[in-house]
Amino acid sequence: MTAKQSSAGPAPTSAAGGDTASPAEAQDVILRVPNAEDGPALFDLIAACPPLDQNSRYCNLLQVSHFAETAVVAELDGEVVGSITGYLKPSDPETLFIWQVAVHEKARGRRLATRMMEAIVDREFCRDVRFMETTIEPENKASWRAFEKFAEARGAQSSQSLLFSRERHFAGTHNDEVLLRIGPFGRG
Ligand SMILES: CC(C)(COP(=O)(O)OP(=O)(O)OC[C@H]1O[C@@H](n2cnc3c(N)ncnc32)[C@H](O)[C@@H]1OP(=O)(O)O)[C@@H](O)C(=O)NCCC(=O)NCCS
């Protein structure tokens, strides 16, 4: 799916569009570039997906407008059930930083998280992206596994290091956030 194809509105994913879903996984899920109208739905989805940090509504609006090309929403029966937000690192535009991944409970287990990652990376906008980074709390097994699956699918290596520490950066109020860096990888 290219940004151009989908930014005009919802467009079903397809083999030509870069989504690798099997028919069972796809089940009418539409992956598309978000827009500002998706802000409220993104806010509600994040609230329904602990342990994600809730962002301000304004922050969500920036994520789906200024950073729409590096974000994706997944729609099932007209409802936003999945999202990824991210950006190209200003100091390193070959690296896509994934901010948050959310899949509503009702849509989990169909590889949606991994497919959404692939959908962003496969866009023309991300043609120069060779690395993906994110931070994950050490005990978030589903998140570790979803990113591991992306790395496996791309045949890419990965490395981990502590980026933000509970004591030093969160004043003891938040778990450690471990940086996962995947790559280099090629186009899908
Ligand atoms: C993490 C999350 C996005 C995964 O969504 P998903 O679409 O179900 O993920 P996928 O289907 O692509 O893959 C998930 C993998 O994790 C595995 N998994 C799911 N729950 C798990 C758990 N509690 N322990 C270990 N593995 C788990 C799945 O079995 C699957 O691996 P498999 O295909 O090898 O069996 C979803 O669980 C979620 O939104 N969680 C809450 C928010 C969050 O933690 N986001 C990530 C941090 S940014």
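Scoring rules and cut-offs
Residues numbered from 1 in each chain as written. Predicted model: local features only at pLDDT ≥ 70, side-chain atom pairs only at ≥ 80, totals over all residues. Near = placed C-beta within 6 Å. Helix = DSSP H or I, 4+ residues; strand = E, 2+ residues; numbered from the N terminus. Nonpolar A, V, L, I, M, F, W, Y, C, P; charged D, E, K, R; others polar. Pairing = 2+ DSSP bridges. Axes fitted to C-alpha atoms, helices over the stretch in contact; angles between N-to-C directions. Right-handed = clockwise from strand over helix to strand, strands pointing away.

Undergrad: Break down the site of the ligand for me, citing the residues and quoting the values.
TA: With respect to spatial proximity, 22 residues lie near the ligand, and among them Arg108, Ala113, Lys141, Ala142 and Arg145 are the closest. Within the residue set of the shell around the ligand, elements represented by two or more residues are strand E4 (92-103), helix H5 (112-121) and helix H6 (141-154). By residue number, the principal contributor to the shell around the ligand is H6, which donates six residues. Split into classes, the residues belonging to the shell around the ligand amount to 11 nonpolar, five polar and six charged.

Undergrad: So what about the sheet that holds strand E7 (residues 177-182)? Which residues, and what values?
TA: The strands that make up a sheet are held in pairs by hydrogen bonds between backbone atoms, and each pair lies either parallel or antiparallel. Taken together, the seven strands give an open sheet; going across it, the order is E1-E2-E3-E4-E5-E7-E6, and neighbouring strands pair in mixed fashion. Looking along the sheet, the strands with just one partner apiece sit at the ends: strand E1 (30-32) and strand E6 (158-164). The sheet shows a mean angle of 25 degrees between the axes of neighbouring strands, direction not considered. Sheet topology places strand E3 (residues 79-89) next to E4; eight bridges connect them, and they run antiparallel.

Undergrad: With reference to specific residues and values, describe the pairing of E3.
TA: Sheet topology note: the strand E2 (residues 72-76)/E3 ladder contains five bridges and is antiparallel. Bridged to Glu75 within E3 is Val80. The antiparallel pairing of E2 with E3 creates a hairpin that spans two residues between the two strands, and Asp77 there sits at a positive phi of about 50 degrees.

Undergrad: I'd like a description of the pairing of E4, backed by residues and values.
TA: Linking E3 back to E4 in an antiparallel pair, the connection comprises two residues. With four bridges connecting them, E4 and strand E5 (residues 131-136) associate as parallel partners. For Ile98, the partnering residue across the bridge sits in E5 and is Thr134. Taken together, E4, H5 and E5 constitute a β-α-β crossover, and its handedness is right-handed.

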